[in-house]
Amino acid sequence: MQASFFFTCRALRMAWVSLAVLVCLSPAAGAAGASEPARSIAVTGVGAVAEPVLAQALAPNIYEVVYSRALDAIFVASAGTFGDGKGGVVYQLDGDTLAIQRTIELPLKPFALSLDERAGVLYVGHSLESTVLALDLATGQVRGQVQLIRLNAEGEPIHTRQLLADSGTGTLFVGGVDRTGIIWQLDGETLAVRKVRQAPDGKSIGLALDSRRGRLYSSGTAAVEVMDANRLQREAYFRVGKRHQDDERQRYFVNVAVDEASGRVFANESSNSEGIFVFEGETGKLLDIVPTGEGPVGIRLNPVRNEIYVANRGAGTLSIVDASTYRIKHSLPLPVHPNSLAIGADGQVLYVTVKQPFAALGTTAPVEQVVRIDLDGL
(Lines give C-alpha, C1' and ligand atoms only; values in the text may rest on other atoms or scores of the structure.)
Protein backbone atom coordinates (compact mmCIF):
# COMPACT_ATOMS: atom_id res chain seq x y z
CA MET A 1 0.00 0.00 0.00
CA GLN A 2 2.85 2.40 0.89
CA ALA A 3 4.65 1.73 -2.40
CA SER A 4 1.42 2.24 -4.30
CA PHE A 5 0.87 5.59 -2.55
CA PHE A 6 4.33 6.86 -3.43
CA PHE A 7 3.93 5.71 -7.06
CA THR A 8 0.63 7.56 -7.36
CA CYS A 9 2.15 10.72 -5.90
CA ARG A 10 5.05 10.69 -8.32
CA ALA A 11 2.72 10.18 -11.27
CA LEU A 12 0.61 13.15 -10.24
CA ARG A 13 3.48 15.50 -9.45
CA MET A 14 3.99 17.03 -12.90
CA ALA A 15 0.28 17.44 -13.56
CA TRP A 16 -0.20 19.39 -10.34
CA VAL A 17 2.65 21.84 -10.89
CA SER A 18 0.39 24.91 -11.04
CA LEU A 19 -2.14 24.15 -8.37
CA ALA A 20 1.04 23.08 -6.92
CA VAL A 21 3.24 20.11 -7.28
CA LEU A 22 2.11 17.26 -5.07
CA VAL A 23 4.67 17.04 -2.30
CA CYS A 24 4.01 13.38 -1.78
CA LEU A 25 7.23 12.36 -0.12
CA SER A 26 7.09 14.96 2.66
CA PRO A 27 6.87 12.83 5.81
CA ALA A 28 5.81 15.52 8.25
CA ALA A 29 4.42 19.02 8.39
CA GLY A 30 5.04 22.04 10.56
CA ALA A 31 2.40 23.71 12.66
CA ALA A 32 0.11 26.15 10.88
CA GLY A 33 0.89 29.81 11.36
CA ALA A 34 -2.61 30.64 12.60
CA SER A 35 -1.38 32.57 15.63
CA GLU A 36 1.06 34.71 13.65
CA PRO A 37 -0.25 38.05 12.33
CA ALA A 38 0.12 38.86 8.66
CA ARG A 39 3.16 40.99 7.90
CA SER A 40 3.98 43.59 5.28
CA ILE A 41 6.96 43.00 3.03
CA ALA A 42 8.60 45.24 0.44
CA VAL A 43 8.86 44.11 -3.16
CA THR A 44 10.88 45.53 -6.02
CA GLY A 45 11.16 44.60 -9.64
CA VAL A 46 10.94 45.70 -13.25
CA GLY A 47 9.02 48.97 -13.26
CA ALA A 48 8.06 48.51 -9.62
CA VAL A 49 8.63 50.70 -6.62
CA ALA A 50 8.98 49.50 -3.06
CA GLU A 51 5.44 48.74 -1.92
CA PRO A 52 4.03 46.89 1.07
CA VAL A 53 2.67 43.45 0.28
CA LEU A 54 0.81 41.54 2.96
CA ALA A 55 2.06 38.00 3.64
CA GLN A 56 0.48 35.42 5.95
CA ALA A 57 2.26 32.24 7.04
CA LEU A 58 -0.57 29.73 6.92
CA ALA A 59 0.08 25.98 6.77
CA PRO A 60 2.18 23.26 5.12
CA ASN A 61 1.37 22.05 1.61
CA ILE A 62 -1.09 24.74 0.51
CA TYR A 63 -2.54 24.55 -2.97
CA GLU A 64 -5.42 26.33 -4.73
CA VAL A 65 -6.87 29.69 -3.64
CA VAL A 66 -10.25 31.23 -4.60
CA TYR A 67 -11.94 34.54 -3.73
CA SER A 68 -15.53 34.99 -2.50
CA ARG A 69 -17.11 38.33 -3.34
CA ALA A 70 -20.05 37.65 -0.99
CA LEU A 71 -17.78 37.14 2.02
CA ASP A 72 -14.86 39.34 0.91
CA ALA A 73 -12.69 36.39 1.86
CA ILE A 74 -10.38 33.86 0.27
CA PHE A 75 -10.38 30.09 0.69
CA VAL A 76 -7.08 28.17 0.67
CA ALA A 77 -6.65 24.40 0.50
CA SER A 78 -4.03 22.76 2.73
CA ALA A 79 -3.19 19.06 2.47
CA GLY A 80 -1.27 19.09 5.75
CA THR A 81 1.07 16.14 6.27
CA PHE A 82 1.28 13.46 3.62
CA GLY A 83 1.25 9.87 4.78
CA ASP A 84 -0.26 10.65 8.20
CA GLY A 85 -3.58 8.97 7.47
CA LYS A 86 -5.44 12.21 8.18
CA GLY A 87 -7.42 14.64 6.08
CA GLY A 88 -6.71 18.27 5.34
CA VAL A 89 -8.11 21.74 5.87
CA VAL A 90 -9.71 24.54 3.89
CA TYR A 91 -8.97 27.91 5.50
CA GLN A 92 -11.14 31.00 5.12
CA LEU A 93 -9.07 34.19 5.37
CA ASP A 94 -10.18 37.81 5.59
CA GLY A 95 -9.75 39.42 2.17
CA ASP A 96 -8.09 42.54 3.62
CA THR A 97 -6.04 41.34 6.59
CA LEU A 98 -5.53 37.64 5.72
CA ALA A 99 -6.57 36.78 9.27
CA ILE A 100 -8.00 33.27 9.61
CA GLN A 101 -11.79 33.50 9.93
CA ARG A 102 -12.73 29.84 9.70
CA THR A 103 -11.08 26.41 9.55
CA ILE A 104 -12.97 23.68 7.70
CA GLU A 105 -11.53 20.26 8.52
CA LEU A 106 -12.03 17.58 5.87
CA PRO A 107 -11.65 13.79 5.95
CA LEU A 108 -9.52 13.82 2.77
CA LYS A 109 -6.62 15.99 1.63
CA PRO A 110 -7.75 18.94 -0.54
CA PHE A 111 -5.90 20.31 -3.56
CA ALA A 112 -8.24 22.01 -6.04
CA LEU A 113 -10.92 24.62 -5.30
CA SER A 114 -13.64 26.27 -7.35
CA LEU A 115 -16.48 28.55 -6.29
CA ASP A 116 -20.04 29.03 -7.49
CA GLU A 117 -21.01 32.24 -5.72
CA ARG A 118 -24.55 32.23 -7.13
CA ALA A 119 -25.29 28.75 -5.75
CA GLY A 120 -23.33 29.38 -2.54
CA VAL A 121 -21.12 26.33 -3.08
CA LEU A 122 -17.39 25.80 -2.63
CA TYR A 123 -16.14 22.76 -4.56
CA VAL A 124 -13.13 20.90 -3.19
CA GLY A 125 -11.06 18.43 -5.23
CA HIS A 126 -9.31 15.51 -3.53
CA SER A 127 -6.97 14.35 -6.27
CA LEU A 128 -5.52 11.27 -4.58
CA GLU A 129 -9.00 9.78 -4.19
CA SER A 130 -10.50 11.33 -7.36
CA THR A 131 -13.24 12.74 -5.15
CA VAL A 132 -15.11 16.07 -5.28
CA LEU A 133 -16.91 17.64 -2.31
CA ALA A 134 -19.52 20.39 -2.46
CA LEU A 135 -19.42 22.58 0.66
CA ASP A 136 -22.08 25.08 1.68
CA LEU A 137 -20.33 28.45 1.46
CA ALA A 138 -22.13 29.88 4.49
CA THR A 139 -21.87 26.93 6.89
CA GLY A 140 -18.96 24.85 5.60
CA GLN A 141 -21.17 21.76 5.76
CA VAL A 142 -20.95 19.06 3.07
CA ARG A 143 -23.76 19.32 0.51
CA GLY A 144 -22.63 16.47 -1.67
CA GLN A 145 -19.78 14.18 -2.63
CA VAL A 146 -18.84 12.12 -5.67
CA GLN A 147 -15.95 9.83 -6.51
CA LEU A 148 -15.08 9.85 -10.19
CA ILE A 149 -13.84 6.35 -10.94
CA ARG A 150 -12.27 5.92 -14.36
CA LEU A 151 -9.45 3.61 -15.46
CA ASN A 152 -6.91 4.34 -18.15
CA ALA A 153 -5.68 1.92 -20.82
CA GLU A 154 -3.31 0.32 -18.33
CA GLY A 155 -6.11 -0.28 -15.85
CA GLU A 156 -4.87 2.40 -13.45
CA PRO A 157 -7.18 5.01 -11.89
CA ILE A 158 -7.30 8.46 -13.50
CA HIS A 159 -6.90 11.14 -10.84
CA THR A 160 -8.74 14.45 -10.87
CA ARG A 161 -6.89 17.76 -11.02
CA GLN A 162 -8.56 21.11 -11.76
CA LEU A 163 -12.15 22.10 -10.94
CA LEU A 164 -14.02 24.80 -12.87
CA ALA A 165 -17.51 25.95 -11.88
CA ASP A 166 -19.87 27.64 -14.34
CA SER A 167 -22.44 29.51 -12.25
CA GLY A 168 -24.44 30.50 -15.32
CA THR A 169 -25.36 26.92 -16.16
CA GLY A 170 -24.92 25.27 -12.76
CA THR A 171 -22.17 23.06 -14.14
CA LEU A 172 -18.90 21.81 -12.68
CA PHE A 173 -16.07 20.73 -14.99
CA VAL A 174 -13.38 18.39 -13.64
CA GLY A 175 -10.14 17.66 -15.46
CA GLY A 176 -8.31 14.37 -15.04
CA VAL A 177 -4.61 13.51 -15.04
CA ASP A 178 -3.62 10.84 -17.56
CA ARG A 179 -1.56 10.32 -20.70
CA THR A 180 -4.63 11.39 -22.64
CA GLY A 181 -7.24 14.03 -21.88
CA ILE A 182 -10.36 13.48 -19.82
CA ILE A 183 -13.00 15.94 -18.62
CA TRP A 184 -16.06 15.24 -16.52
CA GLN A 185 -19.10 17.51 -16.78
CA LEU A 186 -21.10 17.38 -13.54
CA ASP A 187 -24.40 18.80 -12.39
CA GLY A 188 -23.31 21.49 -9.93
CA GLU A 189 -26.21 20.81 -7.57
CA THR A 190 -26.32 17.01 -7.43
CA LEU A 191 -22.75 16.23 -8.62
CA ALA A 192 -24.26 13.69 -11.01
CA VAL A 193 -22.08 13.02 -14.06
CA ARG A 194 -23.67 14.49 -17.20
CA LYS A 195 -20.95 13.80 -19.75
CA VAL A 196 -17.39 12.49 -19.96
CA ARG A 197 -14.98 13.40 -22.73
CA GLN A 198 -11.76 11.50 -23.39
CA ALA A 199 -9.38 12.95 -25.97
CA PRO A 200 -6.64 10.54 -27.08
CA ASP A 201 -4.48 13.25 -28.65
CA GLY A 202 -4.24 15.70 -25.77
CA LYS A 203 -4.28 16.17 -22.02
CA SER A 204 -6.69 18.12 -19.85
CA ILE A 205 -4.33 19.77 -17.39
CA GLY A 206 -5.48 23.40 -17.56
CA LEU A 207 -9.14 24.48 -17.88
CA ALA A 208 -10.71 27.84 -18.75
CA LEU A 209 -14.25 28.86 -19.63
CA ASP A 210 -15.55 31.48 -22.06
CA SER A 211 -19.12 31.89 -20.81
CA ARG A 212 -19.94 34.46 -23.49
CA ARG A 213 -19.22 32.04 -26.33
CA GLY A 214 -20.08 28.84 -24.45
CA ARG A 215 -16.59 27.42 -24.94
CA LEU A 216 -14.39 25.33 -22.69
CA TYR A 217 -10.62 25.39 -23.18
CA SER A 218 -8.32 22.58 -22.12
CA SER A 219 -4.54 22.79 -22.29
CA GLY A 220 -1.89 20.09 -22.20
CA THR A 221 0.98 18.78 -24.29
CA ALA A 222 1.77 21.37 -26.98
CA ALA A 223 -1.90 22.13 -27.61
CA VAL A 224 -5.07 23.86 -26.48
CA GLU A 225 -8.37 22.13 -27.22
CA VAL A 226 -11.51 24.21 -27.77
CA MET A 227 -14.84 22.55 -26.94
CA ASP A 228 -18.50 23.40 -26.87
CA ALA A 229 -19.02 23.68 -23.10
CA ASN A 230 -22.47 22.09 -23.22
CA ARG A 231 -21.85 19.18 -25.57
CA LEU A 232 -18.13 18.71 -24.76
CA GLN A 233 -17.46 18.32 -28.46
CA ARG A 234 -14.31 19.68 -30.10
CA GLU A 235 -14.61 22.88 -32.10
CA ALA A 236 -10.92 23.62 -32.64
CA TYR A 237 -7.45 22.42 -31.69
CA PHE A 238 -4.57 24.91 -31.34
CA ARG A 239 -1.35 22.92 -31.66
CA VAL A 240 2.25 24.13 -31.72
CA GLY A 241 5.26 22.11 -32.80
CA LYS A 242 8.70 21.68 -31.36
CA ARG A 243 10.96 24.70 -31.07
CA HIS A 244 13.47 23.02 -33.39
CA GLN A 245 13.94 19.63 -34.99
CA ASP A 246 16.12 18.07 -32.28
CA ASP A 247 14.10 19.48 -29.36
CA GLU A 248 13.51 16.60 -26.95
CA ARG A 249 11.44 18.68 -24.51
CA GLN A 250 7.99 18.97 -26.01
CA ARG A 251 6.04 22.10 -25.16
CA TYR A 252 3.61 21.74 -22.28
CA PHE A 253 0.76 24.16 -21.53
CA VAL A 254 0.16 23.68 -17.83
CA ASN A 255 -2.53 26.36 -17.38
CA VAL A 256 -4.75 28.45 -19.59
CA ALA A 257 -6.83 31.65 -19.39
CA VAL A 258 -9.26 33.31 -21.81
CA ASP A 259 -10.25 36.90 -22.55
CA GLU A 260 -14.01 36.83 -23.12
CA ALA A 261 -13.99 40.31 -24.67
CA SER A 262 -11.57 39.48 -27.50
CA GLY A 263 -11.66 35.69 -27.45
CA ARG A 264 -7.88 35.50 -27.06
CA VAL A 265 -6.44 32.50 -25.26
CA PHE A 266 -3.36 32.62 -23.00
CA ALA A 267 -1.44 29.44 -22.17
CA ASN A 268 1.60 29.07 -19.90
CA GLU A 269 4.34 26.92 -21.40
CA SER A 270 6.17 25.31 -18.48
CA SER A 271 8.33 22.54 -19.96
CA ASN A 272 10.82 24.97 -21.54
CA SER A 273 9.82 28.02 -19.47
CA GLU A 274 8.91 29.90 -22.64
CA GLY A 275 6.18 31.95 -20.97
CA ILE A 276 2.72 32.96 -22.23
CA PHE A 277 1.56 31.76 -25.64
CA VAL A 278 -1.15 34.11 -26.96
CA PHE A 279 -3.62 32.60 -29.45
CA GLU A 280 -6.33 34.23 -31.50
CA GLY A 281 -9.50 32.57 -30.24
CA GLU A 282 -11.25 31.98 -33.57
CA THR A 283 -8.37 30.79 -35.72
CA GLY A 284 -5.76 29.55 -33.24
CA LYS A 285 -3.18 31.84 -34.82
CA LEU A 286 -0.21 32.39 -32.53
CA LEU A 287 -0.13 36.13 -31.83
CA ASP A 288 2.80 36.37 -29.44
CA ILE A 289 5.02 34.61 -26.92
CA VAL A 290 5.76 36.53 -23.72
CA PRO A 291 8.73 35.27 -21.65
CA THR A 292 7.98 35.77 -17.95
CA GLY A 293 10.51 33.67 -16.08
CA GLU A 294 11.48 30.12 -15.18
CA GLY A 295 8.65 27.70 -14.51
CA PRO A 296 5.51 29.73 -15.31
CA VAL A 297 2.52 27.96 -13.78
CA GLY A 298 -0.49 29.86 -12.40
CA ILE A 299 -2.09 32.37 -14.80
CA ARG A 300 -5.03 34.78 -14.45
CA LEU A 301 -6.47 37.48 -16.71
CA ASN A 302 -7.82 40.61 -15.03
CA PRO A 303 -10.21 42.40 -17.43
CA VAL A 304 -10.70 45.28 -14.99
CA ARG A 305 -7.05 46.33 -15.24
CA ASN A 306 -6.37 44.67 -18.62
CA GLU A 307 -3.53 42.67 -17.09
CA ILE A 308 -2.28 39.09 -17.10
CA TYR A 309 -0.70 37.61 -13.96
CA VAL A 310 1.78 34.75 -14.08
CA ALA A 311 3.29 32.92 -11.11
CA ASN A 312 6.81 31.91 -12.15
CA ARG A 313 7.38 29.01 -9.80
CA GLY A 314 11.02 28.38 -10.72
CA ALA A 315 12.06 32.04 -10.86
CA GLY A 316 10.28 32.95 -7.62
CA THR A 317 8.57 35.95 -9.25
CA LEU A 318 5.14 37.22 -10.16
CA SER A 319 4.84 38.80 -13.62
CA ILE A 320 2.24 41.49 -14.30
CA VAL A 321 1.76 41.81 -18.07
CA ASP A 322 -0.14 44.40 -20.08
CA ALA A 323 -2.82 42.37 -21.90
CA SER A 324 -2.77 44.66 -24.96
CA THR A 325 0.92 45.29 -25.56
CA TYR A 326 2.23 42.15 -23.80
CA ARG A 327 4.79 44.31 -22.05
CA ILE A 328 5.87 43.21 -18.57
CA LYS A 329 4.82 46.04 -16.26
CA HIS A 330 6.11 44.56 -13.01
CA SER A 331 8.15 41.56 -11.92
CA LEU A 332 7.74 41.07 -8.18
CA PRO A 333 9.96 38.70 -6.20
CA LEU A 334 7.87 36.27 -4.12
CA PRO A 335 10.34 33.61 -3.05
CA VAL A 336 10.45 30.72 -3.07
CA HIS A 337 7.72 29.32 -5.30
CA PRO A 338 4.70 31.52 -6.18
CA ASN A 339 2.06 29.15 -7.41
CA SER A 340 -1.72 29.70 -7.51
CA LEU A 341 -3.57 32.98 -8.10
CA ALA A 342 -6.93 34.58 -7.33
CA ILE A 343 -8.25 38.07 -8.14
CA GLY A 344 -10.31 40.15 -5.69
CA ALA A 345 -13.81 41.31 -6.58
CA ASP A 346 -12.89 44.88 -7.54
CA GLY A 347 -9.96 43.76 -9.67
CA GLN A 348 -7.48 45.75 -7.60
CA VAL A 349 -6.21 42.94 -5.37
CA LEU A 350 -4.30 39.77 -6.23
CA TYR A 351 -3.83 36.78 -3.94
CA VAL A 352 -0.91 34.38 -4.42
CA THR A 353 0.01 31.14 -2.68
CA VAL A 354 3.76 30.86 -2.14
CA LYS A 355 5.19 27.41 -1.63
CA GLN A 356 8.49 26.34 -0.09
CA PRO A 357 11.06 23.77 -1.28
CA PHE A 358 10.18 20.12 -0.80
CA ALA A 359 11.01 18.84 2.65
CA ALA A 360 13.74 16.20 2.71
CA LEU A 361 12.73 12.76 3.89
CA GLY A 362 12.63 12.72 7.68
CA THR A 363 12.35 16.48 8.07
CA THR A 364 9.44 18.78 8.85
CA ALA A 365 7.52 20.30 5.93
CA PRO A 366 7.71 24.11 6.09
CA VAL A 367 4.75 26.39 6.61
CA GLU A 368 3.77 28.09 3.35
CA GLN A 369 2.39 31.57 2.71
CA VAL A 370 -0.51 33.45 1.21
CA VAL A 371 0.30 36.91 -0.16
CA ARG A 372 -2.09 39.81 -0.81
CA ILE A 373 -0.94 42.38 -3.38
CA ASP A 374 -2.55 45.83 -3.69
CA LEU A 375 -2.35 46.19 -7.48
CA ASP A 376 -3.45 49.80 -7.45
CA GLY A 377 -0.47 50.67 -5.27
CA LEU A 378 2.21 49.29 -7.60
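Residue indices begin from 1 for each chain and proceed along its sequence in written order. With the structure being a predicted model, the display of local features is reserved for residues of pLDDT at least 70 and the display and counting of side-chain atom pairs for 80 or more, all residues being used for whole-chain, interface and lining totals. Computation of side-chain values covers all heavy atoms of the structure but excludes hydrogens and water.

Caption draft 1: Summary view of the overall build of the protein chain. The number of helices and strands found in the protein chain is two helices and 31 strands. Only protein chains enter the area calculation, which uses a 1.4 Å probe; residues under 20% of their type maximum are buried, those over 50% are exposed, and those in between are partly exposed. A burial count over the protein chain gives 59% of its 378 residues as buried. For the protein chain, the exposed area adds up to about 14800 Å²; of that, 50% sits on carbon and sulfur atoms. For the purposes of this entry, the term helix denotes a DSSP run of H or I that reaches at least four residues, the term strand denotes a run of E that reaches at least two, and both are numbered from the N terminus. Surface accessibility in these figures is a Shrake-Rupley result with a 1.4 Å probe; residues are shielded only by whichever protein chains are displayed.

Caption draft 2: Structural detail: unusual backbone geometry. Cis geometry marks the peptide bond from Pro-335 to Val-336, where omega comes out at 10°. Structurally, Val-336 is set in the loop between strand S27 (328–333) and strand S28 (337–343). The backbone of Asp-72 sits at a positive phi, close to 45°, despite the residue not being glycine. Considering the arrangement of structural elements, one finds Asp-72 in the loop between strand S4 (62–68) and strand S5 (73–78).

Caption draft 3: Summary view of the nonpolar core. Among the nonpolar cores identified, the biggest contains 20 residues, and Tyr-309, Leu-318, Leu-350 and Ile-373 are the most heavily contacted of them. Contributing elements (two or more residues each) for this core: strand S3 (48–60), strand S25 (307–312), strand S26 (317–322), S28, strand S29 (349–355) and strand S31 (367–374). The contact definition used throughout considers only heavy atoms, calling two residues in contact when any of these lie within 4.5 Å. Aside from chain neighbours lying at most four places away, what touches Leu-318 is Tyr-309, Val-310, Ala-311, Asn-312, His-330, Ser-331, Leu-332, Leu-334, Leu-341, Leu-350 and Ile-373. Buried Ala, Val, Leu, Ile, Met, Phe, Trp, Tyr and Cys residues form a nonpolar core when they are joined through side-chain atoms within 4.5 Å.

Caption draft 4: View of the confidence of the model for the protein chain. As a per-residue measure, pLDDT reflects the predictor's confidence and takes values from 0 up to 100. On average, residues of the protein chain score 87 in pLDDT, and 85% of them are at 70 or above. Note on residues 1–35: pLDDT is under 50 here. Beyond four places in sequence and across chains, it has 101 contacts. Per-residue pLDDT stays below 50 along residues 43–50; that stretch engages in 20 contacts with residues further than four places along the chain or on separate chains.

Caption draft 5: The arrangement of the sheet that holds strand S8 (residues 112–116) in detail. One open sheet holds the four strands; their spatial order is S8-S9-S10-S11, and the pairing between them is antiparallel. Either end of the sheet is taken by a strand with one partner, and the two such strands are S8 and strand S11 (142–147). This sheet shows a mean twist of 15° between the axes of neighbouring strands, independent of strand direction. Paired strands, as defined in this entry, are two strands with at least two bridges between them according to DSSP. Simply put, an axis is a line fit to the C-alpha atoms, just over the touching stretch for a helix, and the angle between two N-to-C directions goes from 0 to 180 degrees.

Caption draft 6: Inspection of the pattern of salt bridges at higher detail. Counted as salt bridges are all cases of a side-chain nitrogen of Lys or Arg within 4 Å of a carboxyl oxygen of Asp or Glu. Throughout the structure, instances matching the rule amount to 17 salt bridges. Glu-225 serves as the salt-bridge partner of Arg-234, at 2.9 Å between the closest nitrogen and oxygen. Judged by relative accessible area, Arg-234 falls into the partly exposed class, the value being 33%. Owing to a relative accessible area of 5%, Glu-225 belongs among the buried residues under this scheme. One salt bridge in this structure joins Asp-228 and Arg-231, with 3.6 Å as the shortest N-O distance. Residue classification places Asp-228 among the buried positions, given a relative accessible area of 15%. On the accessibility criterion, Arg-231 (40% relative accessible area) is partly exposed. Residues participating in the shared-partner salt-bridge network are Arg-305, Glu-307, Lys-329 and Asp-376.

Caption draft 7: Broad picture of the sheet that holds S4. Spatially, S4-S5-S6-S7 is the arrangement adopted by the four strands of the open sheet, whose pairing is antiparallel. The open sheet is flanked by S4 and strand S7 (100–105), the only strands paired with a single partner. Here the strands of the sheet are splayed against their neighbours by 20° on average, with no regard to which way each runs. Both S4 and S5 contribute to a ladder of five bridges, which runs antiparallel. What sits directly across from Val-66, in S5, is Phe-75.

Caption draft 8: Region of interest: the pairing of strand S12 (residues 159–166). Counting buried residues along S12, eight of its eight residues qualify, which places the element largely inside the surrounding structure. In terms of strand pairing, S12 meets strand S13 (residues 171–177) through six bridges, oriented antiparallel. Across the sheet, residue His-159 finds its bridge partner in S13, namely Val-177. The loop that links S12 with its antiparallel partner S13 comprises four residues; one of these, Gly-170, has a positive phi angle of about 65°.

Caption draft 9: Just the pairing of strand S10 (residues 131–136), in detail. Across the six residues of S10, six count as buried, placing the element largely inside the fold. Both faces of S10 are covered, namely the face carrying Thr-131, Leu-133 and Leu-135 and the face carrying Val-132, Ala-134 and Asp-136. Where strand S9 (residues 121–126) lies against S10, six bridges are found, and the strand directions are antiparallel. Its bridge partner being in S10, Val-121 is matched across the sheet by Asp-136. Once S9 ends, the chain turns through four residues before running back antiparallel as S10, passing Ser-130 with a positive phi of about 50°. In this structure, the hairpin formed by S10 and S11 is closed by a connection of five residues, where Gly-140 is found at a positive phi of approximately 80°.

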